[in-house]
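As a plain string of letters, each chain reads:
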Amino acid sequence: MKPPICSICRKDFRRDTASGGLVSFKLTEEEAQYNERFKQPGFVGHPKGKHWFCSEHIEAARAHRHLSWQEARPLIKKAGGGFWQAINPFKK
């Protein structure tokens, strides 16, 4: 499993996991097939379609969880500026 680092702004919130959360998105066929591996004994890793989000991006992520990650990512980025917008407000 990946550590709790926001998939949008890369904020590391391992020391305060209550400030964010894990969101599951709709899986593509390929992602669902990949995730079947987790049913095998001894298979480890991070499941496709599950992403960590900080407190600034968690609500936007939850609002778009009915979409695939590829569809949801640009919408979540647009919804909340967060860290990267703060350091570079001209980057879209």
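It should be emphasised that the depicted structure is a prediction, and the values quoted were computed from it without experimental measurement.

A. Summary view of the packing of aromatic side chains. Taken as a whole, this structure holds seven aromatic pairs when the rule is applied. Consider the rings of phenylalanine 38 and phenylalanine 43, whose centres lie 4.9 Å apart with planes at 85°: the pair is edge-to-face. Between phenylalanine 53 and tryptophan 69, the aromatic rings sit 5.9 Å apart at their centres with planes inclined by 55°, giving tilted as the arrangement. Pair noted here: phenylalanine 53 is in strand 2 (residues 50–53) and tryptophan 69 is in helix 3 (residues 69–79), with a separation of 16 residues, a long-range link. For phenylalanine 53, a relative accessible area of 0% puts it in the buried group. For tryptophan 69, a relative accessible area of 12% translates into the label buried. By the ring-pair criterion, three or more aromatic residues cluster together here, those being Phe25, Phe53 and Trp69. A cation over a ring is seen here: lysine 48 above tyrosine 34, with NZ or CZ 4.9 Å from the ring centre.

B. Looking closely at the pattern of salt bridges. Tallying each qualifying case throughout the model produces three salt bridges. The salt bridge involving arginine 14 is made with aspartate 12; its shortest N-O contact spans 2.5 Å. Arginine 14 gets classed as partly exposed once you look at its relative accessible area, which sits at 47%. Among the residues examined, aspartate 12 registers a relative accessible area of 40% and is labelled partly exposed. A salt bridge links arginine 62 to glutamate 59, with the shortest nitrogen-to-oxygen separation between them at 3.0 Å. In this pair, arginine 62 and glutamate 59 both sit in helix 2 (residues 58–63), three residues apart, roughly one turn of the helix. Exposure remark for arginine 62: the relative accessible area of 36% places this residue in the partly exposed category. Using a relative accessible area of 52% as the deciding quantity, one classes glutamate 59 as exposed.

C. Focus on the nonpolar core. Counting 16 residues, the largest nonpolar core has Cys6, Phe25, Phe53 and Ile76 as the members making the most contacts within it. Broken down by secondary-structure element, the contributors of at least two residues to this core are strand 2, helix 2 and helix 3. Discounting residues that sit within four places of it in the chain, cysteine 6 has contacts with Lys11, Phe13, Trp52, Phe53, Cys54 and His57.

D. Spotlight on a positive patch on the surface. There is a patch of like positive charges on the surface, built from Lys2, Arg10, Arg37 and Lys48. Relative to the elements of secondary structure, arginine 37 occurs in the loop between helix 1 (29–35) and strand 2. Residue classification places arginine 37 among the partly exposed positions, given a relative accessible area of 39%.

What counts, and where the lines are drawn
- Residues numbered from 1 in each chain as written.
- Predicted model: local features only at pLDDT ≥ 70, side-chain atom pairs only at ≥ 80, totals over all residues.
- Heavy atoms only, no water.
- Phe/Tyr/Trp six-rings, centres within 6.5 Å; stacked < 30°, edge-to-face > 60°.
- Helix = DSSP H or I, 4+ residues; strand = E, 2+ residues; numbered from the N terminus.
- Buried < 20%, exposed > 50% of the residue type's maximum accessible area, 1.4 Å probe, protein only.
- Lys NZ or Arg CZ within 6 Å of the ring centre and 35° of its normal.
- Salt bridge = Lys/Arg side-chain N within 4 Å of Asp/Glu carboxyl O.
- Core = buried A, V, L, I, M, F, W, Y, C linked by side-chain atoms within 4.5 Å.
- Contact = heavy atoms within 4.5 Å.
- Patch = residues over 30% accessible without salt bridge, like charges linked within 9 Å, V, L, I, M, F, W, Y side chains within 5 Å.
- Areas by Shrake-Rupley, 256 points an atom, 1.4 Å probe, with all protein chains shown as cover.
- Lys, Arg positive; Asp, Glu negative; His and termini not counted.
- Charge placed at Lys NZ, Arg CZ, Asp CG, Glu CD.

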